[in-house]
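Next come the chains, spelled out residue by residue.
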Amino acid sequence: MKILCAVYKSLKRADTYIYVPKKDDFSAVPEPLLERFGAKKLVMQIPLPATKKLVGVEEPKLLAAFAEHGFYLQLPPSTPSLLAQHRAELGLSPDPQQDR
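Figured I'd write up the structure that's included with this text. This is a predicted model, so every value here is computed, not measured.

### Thoughts on unusual backbone geometry
Cis geometry marks the peptide bond from Leu 48 to Pro 49; its omega dihedral reads 0 degrees. Residue position: Pro 49 is located in the loop between strand S3 (40-48) and helix H2 (59-68). Here Asp 24, not a glycine, exhibits a phi torsion of approximately 65 degrees, which is positive. Here Asp 24 lies in the loop between strand S2 (17-20) and helix H1 (31-37). For Asp 24, a relative accessible area of 52% translates into the label exposed.

### With respect to the sheet that holds strand S4 (residues 72-74)
Pairing is antiparallel in the open sheet, where four strands are placed in the order S3-S1-S2-S4. Pairing within the sheet leaves two strands with one partner each, and these edge strands are S3 and S4. Taken over all neighbouring pairs, the strand axes of this sheet differ in orientation by 20 degrees on average, direction set aside. In this structure, strand S1 (residues 3-10) lies alongside S3, joined through eight bridges in antiparallel fashion. If you follow Lys 9 over to S3, its bridge partner there is Lys 41.

### So, the packing of aromatic side chains
Within a pair of aromatic rings, the relevant descriptors are the distance that separates the centres and the angle that separates the planes. The tally for this structure, following the rule as stated, stands at two aromatic pairs. Centre to centre, the rings of Tyr 19 and Tyr 72 are 5.6 Å apart; their planes meet at 75 degrees, and the pair counts as edge-to-face. With Tyr 19 in strand S2 and Tyr 72 in strand S4, the pair connects residues that are 53 residues apart, well separated along the chain. As far as the burial class goes, Tyr 19 and Tyr 72 line up, both buried. A cation sits over an aromatic face here: Lys 40 above Phe 26, 4.7 Å from the ring centre.

Basis of the calculations
- Within any chain, residue numbers begin from 1 and follow the written order of that chain's sequence.
- Selection of residues for local features in this predicted model requires a pLDDT of at least 70, selection of side-chain atom pairs for listing and counting requires 80 or more, and totals for whole chains, interfaces and linings are taken over all residues.
- Working from all heavy atoms in the structure, the side-chain values ignore hydrogens and water.
- To qualify as a helix, a DSSP run of H or I must reach at least 4 residues; to qualify as a strand, a run of E must reach at least 2; elements of each kind are numbered from the N terminus.
- Three exposure classes are used, based on accessible area relative to the maximum for each residue type with a 1.4 Å probe and protein chains only: buried under 20%, partly exposed in between, and exposed over 50%.
- For two strands to be treated as a pair, DSSP must find at least two bridges joining them.
- All axes here are fitted lines through C-alpha atoms, helices being fitted over the stretch that makes contact, and every angle between N-to-C directions spans 0 to 180 degrees.
- When the centres of two rings from Phe, Tyr and Trp lie within 6.5 Å, Trp using its six-membered ring, the rings pair. Their planes under 30 degrees apart give stacked, over 60 give edge-to-face, and anything left gives tilted.
- Note on geometry: a ring has a charge over it if NZ (lysine) or CZ (arginine) is within 6 Å of the ring centre and within 35 degrees of the ring normal.

Here it is as structure tokens:
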């Protein structure tokens, strides 16, 4: 079965996207999540199965999320704590709370 997946970018949160299996259908997305996501902008529509490899999400994972939740939320990659890295380089615990 072909799906024309719609991808929306959050205008409130950088590098945060929500994928829905049907354009403008957010009925499966919980209201609190939509509120935190904020204003959104349609950035593209992708036919699934895709003819090219998707960037930032594996297609099987996306399809599984559609089947289980009705949407897929893509968050920005986590960034390492520079303080924790510096403390580790000094031979200290990465968590300052553990020094007490």
